[in-house]
Amino acid sequence: MEDKQYMEYVHANAQKSNHIVTLVWAFLVGGVICCIGQGFGDLFKFALPNWEKSKIAALVSMTMIFLGSFFTGLGIYDKLGAKAGGGSIVPITGFANSVVSPAMEFNKEGIVLGMMAKMFVVAGPIIVAGTVSSVVAGLIYWIIGLFN
């Protein structure tokens, strides 16, 4: 099949999507998730007035990661992701979902060779890319500092 024939086949058989509706859902769901996180931050600031901002931020992150993992385990986060698309992926809860989903999927293959080995299939490359790029940026700043 040639490229032109293949593209005609794809356009004829691909499911049509309404980009505007998809963008609106992504914006709304991502915004609501972020508002929930901000709400937890405000709640924790009120309940724990003597805590430092960094500790409150860590507590909010842990809460949102827990909720993302919990709702993934219940199957709710996947349904939300099907409707919201990228809006459910971007916040920290999406990262939790990307770790828990493969762990649940490969759990039947055993704890070590299944769940533990496959847990970071989706999130692992993102973690590696972030770590490597931060090391490269740090080295660049360090080298620039040597000449100042």
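Residues numbered from 1 in each chain as written. Predicted model: local features only at pLDDT ≥ 70, side-chain atom pairs only at ≥ 80, totals over all residues. Heavy atoms only, no water.

### Some remarks on the overall build of the chain
Along the chain, the regular secondary structure elements total 7 helices and 0 strands. Helices and strands in the chain line up, N terminus first, as α-α-α-α-α-α-α. Dimensions of the chain, computed from C-alpha atoms along their principal axes, come out at roughly 65 × 50 × 40 Å. In the chain, which comprises 148 residues, the share counted as buried stands at 22%. Across the chain, contacts joining residues at least 24 apart in sequence account for 52% of those joining residues at least 6 apart. As displayed, the chain offers around 11000 Å² of accessible surface, 72% of which is attributable to carbon and sulfur atoms. Separation between the mean location of the 9 positive side-chain charges and that of the 8 negative ones in the chain comes to 9 Å. (Helix = DSSP H or I, 4+ residues; strand = E, 2+ residues; numbered from the N terminus. Buried < 20%, exposed > 50% of the residue type's maximum accessible area, 1.4 Å probe, protein only. Contact = heavy atoms within 4.5 Å. Areas by Shrake-Rupley, 256 points an atom, 1.4 Å probe, with all protein chains shown as cover. Lys, Arg positive; Asp, Glu negative; His and termini not counted. Charge placed at Lys NZ, Arg CZ, Asp CG, Glu CD.)

### Notes on the packing of aromatic side chains
Per the stated rule, a full pass over the model turns up 3 aromatic pairs. With 5.9 Å between their ring centres and 25° between their planes, F40 and F44 make a pair best called stacked. Residue F40 and its partner F44 are located together in helix 2 (residues 19-47), separated by 4 residues, close to a single helical turn. Since its relative accessible area comes to 14%, F44 is described here as buried. (Phe/Tyr/Trp six-rings, centres within 6.5 Å; stacked < 30°, edge-to-face > 60°.)

### A look at a nonpolar patch on the surface
Together, V135, L139, W142, I143, L146 and F147 make up an exposed nonpolar region whose accessible area comes to about 680 Å². If you trace the backbone, L146 turns up in helix 7 (residues 123-146). Take L146: its relative accessible area is 53%, and that puts it in the exposed class. (Patch = residues over 30% accessible without salt bridge, like charges linked within 9 Å, V, L, I, M, F, W, Y side chains within 5 Å. Salt bridge = Lys/Arg side-chain N within 4 Å of Asp/Glu carboxyl O.)

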